[in-house]
Amino acid sequence: MSGEERKSNNYRRYNPLLDEWIIVAGNRVSRPWTGASTHSSYATSFQLTTTLNPLAPGGMRSSGKTTPLYESVFVFDNDFPSFTNYDDVTETSESHDDELFQQHTTLAVVHLWLTQFVELAPKWKWVQNRGAAVGSSNNHPHGQIWAGSFLPNLPMRKDENQRKYYEKHGRSLLLDYIEKEEKKKERVVLINDHWIVVVPFWALWPYETMVIPRRAVKRLSELTEDEQVSLADILRHLMIKYDNIFKCAFPFGMGWLGAPTGEELTQVGRDYSHWQLHLIVHPPLLRSSTVPKYMAGYEILAEPQRDITAEMAAKTIRDQSEVHYTKNE
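Just so you know, these numbers come straight off a predicted model, no measurement behind them.

What counts and how
Residues numbered from 1 in each chain as written. Predicted model: local features only at pLDDT ≥ 70, side-chain atom pairs only at ≥ 80, totals over all residues. Heavy atoms only, no water. Helix = DSSP H or I, 4+ residues; strand = E, 2+ residues; numbered from the N terminus. Buried < 20%, exposed > 50% of the residue type's maximum accessible area, 1.4 Å probe, protein only. Axes fitted to C-alpha atoms, helices over the stretch in contact; angles between N-to-C directions. Parallel < 35°, antiparallel > 145°, perpendicular 65-115°, else oblique. Contact = heavy atoms within 4.5 Å. Nonpolar A, V, L, I, M, F, W, Y, C, P; charged D, E, K, R; others polar. Pairing = 2+ DSSP bridges. Expected span 1.5 Å × (residues − 1). Polar contact = N/O pair within 3.5 Å; in protein donor to acceptor, adjacent residues only side chain to side chain. Phe/Tyr/Trp six-rings, centres within 6.5 Å; stacked < 30°, edge-to-face > 60°.

### Some details on unusual backbone geometry
What is expected of a backbone is that most residues other than glycine have negative phi and most peptide bonds are trans. Although it is not a glycine, Lys 185 sits at a positive phi angle of roughly 70 degrees. Mapped onto the secondary structure, Lys 185 falls in the loop between helix H4 (173-184) and strand E7 (188-191). Of the residues examined, Lys 185 reaches a relative accessible area of 54% and is grouped as exposed.

### Here's the deal with the packing of helix H5 (residues 225-246) against helix H7 (residues 310-318)
Following both chains from N to C, one finds H5 and H7 inclined at 100 degrees, their axes separated by 8 Å at the closest point. With respect to H7, the axis of H5 lies roughly perpendicular. Within the contact between the two elements, H5 uses Leu 238, Lys 241, Tyr 242 and Ile 245 and H7 uses Thr 316, Ile 317 and Arg 318. Per-class residue counts for the contact of H5 with H7 are four nonpolar, one polar and two charged.

### Description of the sheet that holds strand E1 (residues 10-15)
Across the sheet, three strands lie side by side as E1-E2-E14; this open sheet has mixed pairing. The sheet is open, and its two borders are formed by E1 and strand E14 (305-306), each paired with just one other strand. Examined bridge by bridge, strand E2 (residues 20-25) and E14 share two bridges and lie parallel to one another. Considered in E14, the bridge of Val 24 is made with Arg 306.

### Details of H4
Its twelve residues place the ends of H4 17 Å apart at the C-alpha level, agreeing with the 16 Å of an ideal helix rising 1.5 Å per residue. Among the residues making up H4, those that are buried are Leu 173, Leu 174, Asp 176, Tyr 177, Ile 178 and Glu 181. Looking at the buried positions of H4, the neighbouring elements they touch are helix H3 (153-169), E7, strand E8 (195-198), strand E9 (209-213) and strand E11 (278-282). For H4, the side-chain oxygen to backbone nitrogen distance between the N-cap and Leu 174 is 3.4 Å, and the N-cap itself is Ser 172. Just downstream of H4 lies Lys 185, where phi reads positive at about 70 degrees.

### Brief notes about the packing of aromatic side chains
The way to describe two aromatic rings as a pair is by their centre distance and the angle between their planes. This model, assessed by the stated rule, comprises eight aromatic pairs. On the basis of an interplanar angle of 65 degrees and a centroid distance of 6.0 Å, the ring pair of Trp 195 and Trp 256 is categorised as edge-to-face. A residue pair is termed long-range when its members are at least 10 positions apart, and Trp 195 in strand E8 and Trp 256 in strand E10 (residues 252-257) qualify at 61 residues. An aromatic cluster is present here, built from Tyr 207, Tyr 242, Phe 246 and Phe 250 joined pairwise through their rings.

Structure below.
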């Protein structure tokens, strides 16, 4: 934080990936809260239920289809797709209390991401949701794979801004960024030989993080086996730390962003050296396991703002135990 920022609770920060500003209002989290809160059911989602979840092995889905008796990770066509293009669902066979906390499960998910990307990339141009607070319709461990025939708004803006930075400096925007973060350390949450997890300087969501390779990587398909293993490890530790903040199954929206694919976007003459692969995690919780951040008023009509500093959020996550809170009960 700059000296000028320390003098004030309210200031703006620039997001170079999206070419936009965000207001940091560090005093807002201290306001008395008598507003709405979410239902606390997801805070106890590690409890086993007596009924068979439709997405669990052998479960009956609302479409009338029976989910196969899979033993690791499984991919099936979404019964209610958002796109007419391609919309898959991925899920793990682990019970709720084991979700992403076992290294072999996390690594299996990482391997699945890569195989699906390699399969879909030649045709399509190019998310994991967890918890009712972010719109997840089922609490069984699952995510979605979206592949479309167009480049959506946010990836398109990130493509443009990374390209502009690369053309001006001859270097990757995100690689330059994480080099600075490694030196400052105040927003670094986790780091290993291949990956770094930071609360971005420009983060919007209270405990938002980015997971970025420490070398130039444009797409998931470029990751080595060692990088896949270390990715699984760092994600597992991140999920444990998230849950430990409010002693609940921390809800989040999570997704990968990398260089576009597909025939039109990979034709001769199109260079994507400016792209750096990154994973973004957007958890909504702010004050407790039942009080998320709400986007309203000024944020919807003018400019978004965050209620705690990125540095404070990073320290909160970083200081959490690497042992899941349920193991200490």
